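# Analysis of the macromolecular model
Residues per chain, in single letters:
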Amino acid sequence: MENLILPLLLVALVLPMFLGRRRQQKVLQEAQEFQDSLSVGDRIMTTAGLYATVVALDEETVELEIAPGVVTTWNRMVVRERVSDTAADVPDVYDYSDELDASHDASRPDLVKRDTTA
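Predicted model, so just to flag it, every value in this text is computed and none were measured. (Residues numbered from 1 in each chain as written. Predicted model: local features only at pLDDT ≥ 70, side-chain atom pairs only at ≥ 80, totals over all residues. Heavy atoms only, no water.)

Attention now moves to the overall build of the protein chain. Across its full length, the protein chain holds 1 helix and 5 strands. Every one of the 118 residues in the protein chain was classed for burial, and the buried ones make up 16%. Taking all contacts inside the protein chain whose residues are at least 6 apart in sequence as the whole, residues at least 24 apart take part in 32%. Accessible surface computed for the protein chain: about 9,500 Å², of which carbon and sulfur atoms make up 58%. (Helix = DSSP H or I, 4+ residues; strand = E, 2+ residues; numbered from the N terminus. Buried < 20%, exposed > 50% of the residue type's maximum accessible area, 1.4 Å probe, protein only. Contact = heavy atoms within 4.5 Å. Areas by Shrake-Rupley, 256 points an atom, 1.4 Å probe, with all protein chains shown as cover.)

The final tally for this structure, using the stated rule, is 2 salt bridges. A salt bridge links Asp42 to Arg82; the shortest N-O distance between them is 3.2 Å. Residue Asp42 is located in the loop between helix H1 (2-37) and strand E1 (43-46), and its partner Arg82 is located in strand E5 (residues 79-82); the two are separated by 40 residues in the primary sequence. Across the pair Glu81 and Arg80 runs a salt bridge, and its minimum N-O distance is 3.5 Å. (Salt bridge = Lys/Arg side-chain N within 4 Å of Asp/Glu carboxyl O.)

Taken together, the 5 strands give an open sheet; going across it, the order is E4-E3-E2-E1-E5, and neighbouring strands pair in antiparallel fashion. One side of each edge strand has no neighbouring strand; the edge strands of this open sheet are strand E4 (70-75) and E5. Between one strand and the next, the sheet's axes are offset by a mean angle of 45°, whatever the strand orientation. Where strand E2 (residues 51-57) and strand E3 (residues 61-67) come together, 4 bridges link them in antiparallel fashion. Directly across from Val54, in E3, lies its bridge partner Leu64. (Pairing = 2+ DSSP bridges. Axes fitted to C-alpha atoms, helices over the stretch in contact; angles between N-to-C directions.)

Neither face of E1 is left uncovered, since the one carrying Arg43 and Met45 and the one carrying Ile44 and Thr46 both have all their residues buried. With 3 bridges connecting them, E1 and E2 associate as antiparallel partners. Within E2, the position partnered with Arg43 by the bridge is Thr53. Here E1 folds back onto E2, and the loop between the two strands holds 4 residues, one of which, Gly49, carries a positive phi near 90°. Here 3 bridges tie E1 to E5, and the two strands are oriented antiparallel to one another. Considered in E5, the bridge of Thr46 is made with Val79.

Such coordinate-based values are descriptive only and should not be taken to indicate function.
As C-alpha cells, this is what we get:
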C-alpha cells in the first residue's frame, strides 16, 4: 500500500499541469487562427475597446481606420474580436450641433459648432 502513495501523488501533481498546458495551447491556437482569418474590410474591436475597420494587413501589424481618413498602425495582437457592422455595436457620440444656433452661445464654451459641410 505504501508503494502506491508516491506514484498516485505524482500523478495528482502532474495531471493538472498537463491539462493546463493543453488548455493554454488550445487558446493560443484559437487566437492564431483568428489573427490569420482577419481580412481587409473587417470591422473589429481592439483590446482597448477601440472600434475600427481593417484597411491593410502585414505579418506583425494591422492598419486600422478609426475615423474617415484617419488610419493608424497597430500590432496585430491588439485585435480582440470581429464585430458586426451594425449601429448597435458602435458607441453613440452625441452631436451638439443641433443645440447650437448660428450665433455661438458664449455662456457654454464646452459646446463648439462643428462644420458639417465637408
